[in-house]
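Tertiary structure, described
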Amino acid sequence: MPRDPRYDILFEPVEIGPVTARNRFYQVPHCNGMGFRWPRSMAAMRAMKAEGGWAVVCTEECEIHPTSDLSGFALMRLWDDSDLPTHELMVEGVHAHGALAGIQLVHNGLSSPNRMSRLAPLGPSPMVIKDIDPIQARAMDKSDIRDLRRWHREAALRAKRAGYDIVYVYAAHDMTLLMHFLLSRYNQRTDEYGGSLKNRVRLIREILEETKEAVGDTCAVAFRFAVHEVGGDLAYDGEGREVVDMLAELPDLWDVNVSAWEDDSLTSRFGPQGSQEDFVAFVKQITTKPVVGVGRFTSPDAMVSQIRRGVLDLIGAARPSIADPFLPRKIEEGRIEDIRECIGCNICTTADYLAVPMRCTQNPTMGEEWRRGWHPERIPAAGSDDAVLVVGAGPAGLECALALADRGYRVTLAEARAELGGRVLLESRLPGLAEWRRVIDHRLYRLSQKANVETYPASRLSADDILDFGFPRVVLATGARWRADAVGRANRLPIPIADDATMISPDAILTGAPLDGLAPKSRLLVYDDDLYYLAGVIAEKLVADGHEVVFATPAPEVSPWTHGTLEQAKIQARLLTLGIDVRCARSLAAVANGAATLACVYTGARESLAIDAVVPVTARLPNDALHQALTARADDLARAGIRSVTAIGDCHAPATIAAAVHAGHLYARQLDAPDPGPIGFRRENDWGIGAARNTAANGS
Ligand SMILES: Cc1cc2nc3c(=O)[nH]c(=O)nc-3n(C[C@H](O)[C@H](O)[C@H](O)COP(=O)(O)O)c2cc1C
Ligand code: SF4
């Protein structure tokens, strides 16, 4: 289909200094957990964005020197020429599809513990660093500042040699040395680099000028600048605006956002699409240079509105480009219904946090482009005529059915509930999680376009039913259920729970079942040993329902796994603001009628709480009864012509929604496919060590 003329404006080229972006779709810098450690995986992922129609594809932050060493994280580096091949690989892949390649040079100053290089961190003033390592940064003297300028210039020249089209100067996210120089709380210098705003901006100006002078003939120089700190010192109507005023025409491109990172990559639980507009809208009124901004933009109408109303020139995207690398192409080809919209869950940022190849809830192929050869829009044709029965239409079952259907298999999808979607359906009704429904909506829409899929809601199947049907392939995606006995990490074995105590399973809350015997305004203990989002969301819901909530967890803080999704502080603040009585480092020791006993995880000291009921959010049990029943009947399966019965997703091993989607996709890819070998994916271990050892052994 031709594209809707309403979206033509998104496909206009934009001049950025000496280079031209072919359209307005701009993949802003984002880490991916691959970087220099898995360069082929990283490069293939970036090339995929270019193939998907993004006009600009940037690297993640790229360290320019070992005094900016974020070892532990797999970012990019350009310390010296030995880093060049990784960059060349990426630039080649991006250019092959007609996109511009951008590089985000950075010195992370006070944010760099330098754990590998073991060099002293650098800052504008002597100060403890921003990480928890017990080390301090030393104040940079004039020769250090000269060195920094030289390192940046040399890195820019190397970037140009690698073939980049856009070179960044980066002062954002409360994370970079240039931002540390800008902010008075870090910069207490009394020389010409401290004090007045003009002095605090001096280093940024020098580096912008020197980068332009070094590479500006062929490369655009972009400035990523946080115009506003949410809850910080820099304000879009204060110094943030003054900085833009002072540097207005200096960069070729303004890439503007808010700080800190958790406010920039805001999850959907805490803010909607386009939430940065009020902060960044002023920039275009000040500069004639193109402006790119972000805001989890997935709607082409919202994008057009940003351009037409003069807020932005280029639509910046990190997460929308991760969830759907082909977003621009789908708009261009008039297929906006096919866009796999980001749900704003930040599973992608957990991979950066944990330094593993990035994953995405919506896009199971993310991070798998090179190592498994997965393309987000293409999948090999079916390897046989086998019909497949998928039992369970949660995230694993829906994705599995869709990917199998894309391959051309005849698929029957049966779901016990009247409505499809499994856990996502239930969880997306909880406070703040409405956007998560996109996991279902995308797949149901695409399945509805398929002639080779039949869907049966309200169809609970027994083992006998499945044997009677005799589909050659059976996939079980029957999900999991929450335990109601508080067994989890802290309590690996059951604790004493009185027969007349009230334990409310999270499933009862998720399904909206009547909470029998519970007074309208009860005092409830939400006990979180799951450590992710669900307990916090349930606590919010119970407060909204009028209950009084005590939130206890064995962890030293609320929802610790959400550090990776950038939400921990926001969740803890929300629970406290709602008046929830938060008790950390407490495990649940016993439950009686009307009381719960908590134990300090360090001393074992016990305290009794008067409560009406406990909601234990601790662990799940796989719904694997059907799998067990079928696999116990090998002879019946053979007689029925059933060649395989496979459990996937939560009924195999309960995990995240992203893991369930991935499991569904993996099954579909592997059905009748050549054996991928014992590991199943390619690794990047070819460091030449073997060759060197062989050479040494041969005496040559
Ligand atoms: C996984 C991930 C990694 C990121 N890494 C970087 C980075 O290296 N440098 C940077 O300036 N911003 C980084 N960001 C922030 C994004 O560039 C972007 O400003 C933010 O996510 C908001 O845009 P979005 O709503 O389109 O995701 C990262 C974001 C994500 C999701
Ligand atoms: S992991 Fe979640 S937030 Fe990140 S891109 Fe995918 S859907 Fe969006």
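Throughout this document, residue positions are counted from 1 along each chain, in the order its sequence is written. Written order determines the labels here, with chains lettered from A and ligands numbered from 1. Given that this is a predicted model, residues contribute local features only at a pLDDT of at least 70 and side-chain atom pairs are listed and counted only at 80 or more, while totals for whole chains, interfaces and linings are drawn from all residues.

A look at the overall build of the protein chain
When you go through the protein chain residue by residue, the secondary structure sums to 24 helices and 28 strands. Relative to the 2.2 N^0.38 estimate, which gives 27 Å for 700 residues, the radius of gyration of the protein chain is 27 Å and therefore close to what a compact globule would have. Put simply, the protein chain has 700 residues, and 53% of those count as buried. Any pair of residues counts as being in contact when their C-beta atoms, constructed from backbone geometry, are within 7 Å of one another. Nonlocal contacts in the protein chain, meaning residues at least 24 apart in sequence, comprise 72% of its contacts between residues at least 6 apart. Helix numbering and strand numbering both begin at the N terminus, where a helix is a DSSP run of H or I of at least 4 residues and a strand a DSSP run of E of at least 2. What the globule rule says is 2.2 Å times the number of residues to the power 0.38, and the radius of gyration is computed from C-alpha atoms. Exposure classes come from backbone-placed C-beta atoms, where a residue is buried if 20 or more other C-beta atoms lie within 10 Å of its own, exposed if 12 or fewer do, and partly exposed in between.

As for the site of ligand 2
What makes a residue near a molecule or strand is its C-beta atom, placed from the backbone, lying within 6 Å of it. Residues in close proximity to ligand 2 total 13 residues, the closest being R319, C342, I347, C348 and C360. Taken together, the elements giving at least two residues each to the shell around ligand 2 come down to α11 (319–323) and α13 (347–354). Top contributing element to the shell around ligand 2 by residue count: α11, with 3 residues. Gly is placed with the polar residues, together with every amino acid not listed as nonpolar (Ala, Val, Leu, Ile, Met, Phe, Trp, Tyr, Cys and Pro) or charged (Asp, Glu, Lys and Arg). Among the residues forming the shell around ligand 2, the class breakdown is 8 nonpolar, 4 polar and 1 charged.

Side note on the environment of P431
Within the element layout of this structure, P431 appears in the loop between α15 (422–427) and α16 (438–448). Taking C-alpha positions, P431 is 8.1 Å from I538, a pair spaced 107 residues apart along the chain. When neighbours within four sequence positions are excluded, P431 is seen to be in contact with V537, E540, K541 and A544.

Brief notes about the site of ligand 1
Lining the immediate surroundings of ligand 1 are 22 residues, of which S265, V294, R296, A318 and R319 lie closest. Of all elements in the fold, only β4 (56–63), α11 and α13 reach the threshold of two or more residues within the shell around ligand 1. Counting residues per element, the shell around ligand 1 draws most heavily on α13, at 3 residues. Classifying every residue of the shell around ligand 1 by side-chain character gives 9 nonpolar, 6 polar and 7 charged.

Description of helix α10 (residues 300–308)
Looking at α10, one finds that the buried residues are P300, M303 and Q306. For α10, the arc enclosing every buried residue in end-on projection is 115°, short of the 170-degree limit, so these residues lie on one face. Exposed residues lying more than 90 degrees from the buried face of α10 are D301 and R308. Against the buried residues of α10 lie β14 (314–317) and α12 (327–332). At the exit of α10 stands G310, carrying a positive phi of roughly 75°. By construction, the arc corresponds to the directions joining the helix axis to the C-beta atoms.

Let's talk about the pairing of strand β28 (residues 644–647)
What you see with β28 is a clean split: V645 and A647 sit on the buried side and S644 and T646 on the side with no burial. One bridge is not enough; two strands pair if DSSP finds at least two bridges between them. Bridge analysis of strand β18 (residues 473–476) against β28 gives 4 bridges, and the strand direction is parallel. The partner of V475 across the bridge, within β28, is T646.

Some words on unusual backbone geometry
Here the bond from S259 into A260 is cis, since omega is 0°, no more than 30 degrees from zero. Among the secondary structure elements, A260 is positioned in the loop between β12 (253–259) and α7 (261–264). Here S559, not a glycine, exhibits a phi torsion of approximately 45°, which is positive. Looking at the element boundaries, S559 is found in the loop between β21 (548–552) and α20 (568–577). Since 26 C-beta atoms lie within 10 Å of it, S559 is described here as buried.

Regarding the sheet that holds β28
Reading across the sheet, the 5 strands line up as β17-β16-β15-β18-β28 and stay open at both edges, with parallel pairing between neighbours. Because the sheet does not close on itself, it has two edges, and the strands there are β17 (453–456) and β28. Averaged over neighbouring strand pairs, the angle between their axes works out to 15° when direction is ignored. For strand β16 (residues 410–414) and β17, the ladder comprises 4 bridges, and the chain directions are parallel. Paired with V411 across the bridge in β17 is V453. Angles shown run from 0 to 180 degrees and are taken between the N-to-C directions of axes, each axis being a line fitted to C-alpha atoms and, for helices, limited to the stretch in contact.

Section: the sheet that holds β21
Reading across from one edge, β22-β21-β20-β26 is the order of the 4 strands in this open sheet, with parallel pairing throughout. Across the chains shown, the open sheet's two edge strands, defined by having one partner strand only, are β22 (581–583) and β26 (613–617). Going from strand to strand, the sheet's axes swing by 20° on average, the running direction of each strand aside. Sheet analysis places strand β20 (residues 523–528) next to β21, joined by 5 bridges and oriented parallel. Across the sheet, L525 pairs through a bridge with V550, a residue of β21. Lying over the sheet, helix α19 (residues 534–544) contacts β20, β21 and β26, oriented at roughly 170° with respect to β20.

Considerations on the nonpolar core
To define a nonpolar core, we join buried Ala, Val, Leu, Ile, Met, Phe, Trp, Tyr and Cys residues through C-beta atoms within 7 Å and take the resulting set. Among the nonpolar cores identified, the biggest contains 204 residues, and L105, V167, L178, C400, A401 and V526 are the most heavily contacted of them. Not counting the four nearest positions on each side in its chain, V167 is found in contact with I103, L105, A156, A159, T211, V215, C219 and V221.

Considerations on the packing of helix α14 (residues 395–407) against helix α23 (residues 657–670)
At a closest axis distance of 7 Å, the pairing of α14 and α23 adopts a crossing angle of 30°. Judged by the angle between their axes, α14 and α23 are roughly parallel. Crossing of α14 against α23: the hand is right-handed. From α14, P395, A396, G397, E399, C400, A403, L404 and R407 reach across to α23, where they touch I657, A660, V661, A663, G664, H665, Y667, A668 and R669. A breakdown of the residues in the contact of α14 with α23 according to their chemical character gives 11 nonpolar, 3 polar and 3 charged. What sets the label is the angle itself: under 35 degrees gives roughly parallel, over 145 gives roughly antiparallel, 65 to 115 gives roughly perpendicular, and the rest give oblique. By definition, any crossing whose near helix is turned counterclockwise from its far helix by less than a right angle is left-handed, and any crossing with a clockwise turn is right-handed.

Let's talk about the domain arrangement of the protein chain
A domain assignment, automatic or from a database, supplies the domain bounds used here. On domain assignment, one finds that the protein chain holds domain 1 (13–218 + 315–354), domain 2 (387–479 + 623–670) and domain 3 (485–620). A straight line from the C-alpha centre of domain 2 to that of domain 3 covers 31 Å. Taken together, the residues that form the side of domain 2 that touches domain 3 break down as 5 nonpolar, 1 polar and 2 charged.

Some thoughts on the pairing of β12
Counting buried residues in β12 gives 7 out of 7 residues, a clear majority hidden from the surface. Summarising the sheet, strand β11 (residues 220–229) and β12 pair through 7 bridges and their orientation is parallel. Each bridged residue has a counterpart across the sheet, and for R224 the counterpart in β12 is D255. Crossovers are marked right-handed if the path from the first strand over the helix to the second runs clockwise, as seen with the strands pointing away from the viewer. Crossover handedness for the path β11 to helix α6 (residues 239–247) to β12: right-handed. In this sheet, strand β13 (residues 291–293) lies alongside β12 in parallel orientation, the contact comprising 3 bridges. The residue of β13 that forms the bridge with V256 is G293.

Quick word on the environment of L588
Among the structural elements, L588 can be located in strand β23 (residues 586–592). Looking at L588, the number of C-beta atoms within 10 Å reads 26, which means it is buried. C-alpha of L588 to C-alpha of V411: the two residues are 177 residues apart in sequence and 45 Å apart in space.

Here's the deal with the packing of α14 against α16
Running from N to C, α14 and α16 cross one another at 30°; their axes reach a closest spacing of 10 Å. Classified by the angle their axes make, α14 and α16 are roughly parallel. α16 is crossed by α14, and the crossing has left-handed handedness. Facing α14, whose interface residues are P395, L398, E399, A401, L402 and A405, α16 presents V439, I440, R443, R446 and L447. Here the residues of the contact of α14 with α16 sort into 8 nonpolar, no polar and 3 charged.

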